[in-house]
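Examining the three-dimensional arrangement
Listed below, chain by chain, are the residues.
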Amino acid sequence: MSLTDRFKGFYVTLGEFFKPPTTVQYPVERRDKGHRFRGLPVLVTDPHTGEEKCTACGLCATACPNNVITMTSEPHATKGRHPVTYTVQAPRCLFCGLCVEACPVKAIQMSHHFELAATDRNNLLYDKQKLLELGRGIYDEIEQTESGEWVEVTRFPGEVGPNDPEFEQHERQTAARY
Amino acid sequence: MTQESNVEMVNLEIDGKPVRVPKGTFVFRAAAMAGINIPNFCQYPDLRPFGACRSCMCEIVTRRSNIDISCSTPVSEGMKVFTRSPKVLEAQRFAVEALLVDHPIDCPICDKSGECELQNHAYYTNVRTNNPLARPKNSWEYETLSESVMIKRDRCVLCGRCVRVCDELVGSTALAWANRGNDSYIDAAFGKDLKDSPCVSCGLCIEVCPVGALLNTSYHDTARAWFLKKVKTVCTFCGVGCSMELHVEEETGRIKRIVGTQDTGINNEQLCARGFFGFEFVQRDDRLQAPLVRKDGELVESSWQEALSLVAERLPRYQGDSFAAIAGAHSTNEENYLFGKFVRGVMRSNHIDFDAGMGRGVRPAGLRDVFGSDAPMNGFVDVYENAGCVLLIGSNLSATHPVFTYKLQTAVRRRGSKLIVASPQAVPLSQIATLDIRYREGAEADLLNGLAALIARRELVAHDFLAQRVDGLHEWWQAAQGYTAHGTSANTGVPVEVLEQAAEIYATGGSGVDGRGADGLFPPSAIFYSSALTLRDGGENIDYGAAALALLTGNVGRPGAGVNSLKTANNSQGALDMGCVPFLLPGERPVEDPESRRALQQAWSLPDPLPARPGLGLEGMLDAARSGRVRAMYIMGSNPVEASSNPQRVADALGHLDFLVVQDMFLTQTGRQADVVLPACSWAEKDGTFTSAERRIQRVNKALTNYGQSIPDWTILVHLLERMGFERLYTHSDQILAEIAAVVPSYAGINRRVLERAGNVMTMRPGRVYRNPSLDEIKRLGVQWPTTDADPHGTPVLYADSFPNGKARLVGVPFQAGRLLADGVYRGTIRISLYHQGTGTMTGRCPTLVSLDEGGAADSSPERGRGVGMLRSPNLQQSGYSTGQLTDI
Ligand code: SF4
Ligand code: SF4
Ligand code: SF4
Ligand code: SF4
Ligand code: SF4
Ligand code: FES
């Protein structure tokens, strides 16, 4: 290692020194999570009916390697069947997203909720009500990719899609951050 | 011993494996025997081949037309078969793709998902195209066909299994194909409502449907197949003793459904409505949660501590003749055995009985006088496979022992067994009977003795058998002579020709007078009736008549024959074997016999000898309670108040008692009279054994955790005995079973391993050579007593070599002209319904069964005679009343 290399290093440090800090003052300030951030799996509501989309098919529970998800079901007038209870045992979840992949109706999504500390283990059992609460604002949208293909993407609260006017500004801001 | 030797065997090769099977076997089954699975829809083990779905294709390279359906192609010598060659896979893939043209593939909301043969098949054949024609799919909505069956027709693959099982195996013919070709669909026969059809809601069509087209209303959308834990057990309702699987959801710990199982018990997947839907009571909210103790005239919840201390403190005061007990006909053998030990050994009383039907106890007279035991001699499978003729008397077995009648109709229609149905009114089986006899109510004894006399006169008797094995022929003839054809006809109201015909069919095993086989014997004939028929006064004469018929014609101790008086509840036979009868000790040994008493005293290590005088029967106990001679009673799993046709009288008698303990799942009318009510477990919550009406001992397995604070009956008794100062005797029901095996001679050598041994395969299946199975082959899961320590595998046919008393003794019933029976004097009524068992304490709490019953489904098509709610009048002594009267319900 030569002496010049060392000065090159100091130069980088000097350059950063005058920029605003990257550190985010969590929990006062929060960083935007990436679109594919994998927080707690939650249940999504159908915007048209206001009910949960889940049909209690049990595939998520079967796909889950840790037996995190359990449910009981009953017949339902429009969907065929629906869950009476639906429980996610958060302490066991390893956020692999296999349940989301398994779901045939996109009723379960990896939310951006990641703060899973509690003073009581029972508070980490998420029942259907809590999961629907956390899933509020998550919806699916059809969008066109650059190659012209139409795909379904999931939107999270606070997140904006490329069709939205604020999109570009949002992108720029995010880019500036990192 | 097996008759395998006289069956021609064929050698062939499947996928390179050499296979040797009997001639006539279909390639499909030969492959299954070699452990090769071929996808299939319309093939079903008990049905005739059908060949509708073309999905079981295989390649037979030794033939010219080499792609063929394996389910209907019989094997031939030297055949070479491939089941997974490219050609086969291509053909199978085409079959699946064709099915997907209209199939909705709504697996996420389909009950069958996870156990669906279409899913498996598509996976196996690697089909990845949905909707190959890319046209809109035909779709159908859910339709509820009846309280029990739903259909989603667009999922149907038109395999026809449902239509065929309903016709061939159940005999109901309630389903049919409607329309032709592309428009065909499955519907109730004649497009009527399934409710108005002969459907008996047995659920078999739902079980065999390979896809999610036929659906179980009570299971629909409530669980996923792969989350269910499957526990093998035995039905808790009637004496047929069907084996079944309870499907319990692990997450909730609730029973979600019941299914029958292939190749285990005698029922081969068949169940009746009670077995199929009768589990809902287990998880009802009105189950007893905790012990109840009477305080200031009110039953209030209390603790086990308090309740048991109270019982342990009060009971010893009534030791001896002022104590009486009623055992449970639905409790396990272990429980009844322990109960008997408690009553005889600890309470020192012989007043112990159980409800043999309609609130009546076991009667001492009857078959026991003739043979030394009243147990049915031949089993259901044996009769199904071997009987030449079956005579049913005065019982609607279609309601009391349904699955047996389903089997019986298959034997009649498939094997050509002759069936004589003698009944005061039409019963479902009358339809397929060779001879349908209507006699005057209550004339069973006259009819049977008359037929026996006719047979004796016509010299259709088995002389050798009579000479070697029967006593009292001469005395019998003295009495029976009076039964002339005309006299019998006058008494019974049956024309003489019909009597002659019946006598001939029965005596010759349905083969006609020239039908003697090579051994000089006619084919076997069996007699069946419900033992409830003989519970009235004079009922023993029916037993004597039936026994005379069988003995005269040598139809005892051989396969396919026998006198089979079927006990009604699932463990009535077991309760009797365990000695819950006032005059019998465990193992049917008489109480009067000092030797038996001494043996038992020794086995139980009791300091004092057992009481020597036979006790009071159920009715006697209640009378004694009324008169104050019996002052305390202990009732385990029985409900004499509601069982009786005169509930007020029984309740009144119980009211006279000083102390009454009732052990049950629910607070019944009997429980309301009690001083202490102890909550007991249901059959799904305990281990043990049941003995079915055909003497088959089968295991019951615990599937659920105990409800509330309830504990199994035997555990309650163990705790009680502990509190009464005895050491803790047992910690598991298997320990009691071991003691039973040691104490009860006919159960010798029984243990868990013997009972769980795999069942043998039934032979009377299409695609197998029809041949009479040997006795070894008809031993199925479970064991028919008597067993011995050396051979604990049971005896399917009783009395093959000798009778318990050496020889059978014919008992004559003198003829009495104009033994006329009052008609129309029915007072109390108890309905016998396919959808209820006994008092309905259990079945009455199963919503599906109740709605089936109230909807008048099934039981209710007069044209098939199902419709007949049977009315019984158990306490009408004079009428000699038998099976009741037709009413429209
Ligand atoms: S996979 Fe989807 S629809 Fe099925 S149970 Fe899970 S969340 Fe519900
Ligand atoms: S029948 Fe089978 S393939 Fe069809 S929807 Fe149901 S589970 Fe899926
Ligand atoms: S449930 Fe009814 S339709 Fe189905 S097989 Fe049984 S009798 Fe036939
Ligand atoms: S309903 Fe089921 S059993 Fe009946 S034909 Fe259709 S697929 Fe086969
Ligand atoms: S009630 Fe009798 S016939 Fe029906 S399933 Fe139970 S044991 Fe079998
Ligand atoms: S199973 Fe062979 S044709 Fe259906």
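Residues numbered from 1 in each chain as written. Chains lettered and ligands numbered in written order. Predicted model: local features only at pLDDT ≥ 70, side-chain atom pairs only at ≥ 80, totals over all residues. Heavy atoms only, no water.

1. Digging into the pairing of strand S15 (residues 298–301) of chain B
All names here are of chain B. Worth spelling out the cut-off: Pairing between strands is defined by DSSP: at least two bridges between them are needed. The helix and strand labels rest on DSSP assignments: H or I over at least four residues marks a helix, E over at least two residues marks a strand, and numbering proceeds from the N terminus.
Bridge count for strand S14 (residues 292–295) against S15 is 4 bridges, and the pairing is antiparallel. Among the inter-strand pairings, Lys 295 is bridged to a residue of S15, identified as Glu 298. Here S14 folds back onto S15 in antiparallel fashion, the turn holding 2 residues, of which Asp 296 has a positive phi close to 50°.

2. Here we look at unusual backbone geometry
Glycine aside, residues mostly have negative phi, and peptide bonds are mostly found in the trans state. Threshold: Three exposure classes are used, based on accessible area relative to the maximum for each residue type with a 1.4 Å probe and protein chains only: buried under 20%, partly exposed in between, and exposed over 50%.
A cis amide bond links A:Tyr26 to the next residue, A:Pro27, at an omega of 0°. By the secondary structure assignment, A:Pro27 is in the loop between helix H1 (3–17) and strand S1 (41–43). Between B:Trp785 and B:Pro786 the backbone carries a cis peptide bond, its omega angle lying at 5°. As for its placement among the helices and strands, B:Pro786 is situated in the loop between strand S31 (783–784) and strand S32 (808–809). Despite not being glycine, B:Asp15 has its phi angle at roughly 45°, a positive value. Position of B:Asp15 relative to the elements: it lies in the loop between strand S1 (9–14) and strand S2 (17–22). Positive phi, close to 40°, is recorded for B:Ser605, a residue that is not glycine. By the secondary structure assignment, B:Ser605 is in the loop between helix H20 (594–603) and helix H21 (618–627). Overall, the relative accessible area of 62% leaves B:Ser605 in the exposed class.

3. Here we look at the site of ligand 3
Which entries qualify depends on this criterion: Any residue with at least one heavy atom within 4 Å of a molecule or strand is counted as near it. For this classification, the nonpolar set comprises Ala, Val, Leu, Ile, Met, Phe, Trp, Tyr, Cys and Pro, the charged set comprises Asp, Glu, Lys and Arg, and every other residue, Gly included, is treated as polar.
Taken together, B:Cys166, B:Ser172, B:Ala174, B:Leu175, B:Cys199, B:Val200, B:Ser201, B:Cys202, B:Gly203 and B:Cys205 form the complete shell of residues around ligand 3. For the shell around ligand 3, the residue count by class is 7 nonpolar, 3 polar and no charged.

4. A word on the site of ligand 5
All names here are of chain B. As a structural note, the neighbourhood of ligand 5 is formed by Cys 235, Phe 237, Cys 238, Val 240, Gly 241, Cys 242, Leu 271, Cys 272, Arg 274, Gly 275, Pro 402 and Val 403. When residues of the shell around ligand 5 are traced back to their parent elements, those giving at least two are helix H6 (273–277) and helix H12 (402–415). A breakdown of the residues in the shell around ligand 5 according to their chemical character gives 9 nonpolar, 2 polar and 1 charged.

5. What about the domain arrangement of chain B?
The cut-off we apply is this: Domain delimitation follows an automatic or database domain assignment.
Per the domain assignment, the segments of chain B are domain 1 (4–99) and domain 2 (377–566). Centre-to-centre, using C-alpha coordinates, domain 1 of chain B lies 43 Å away from domain 2 of chain B.

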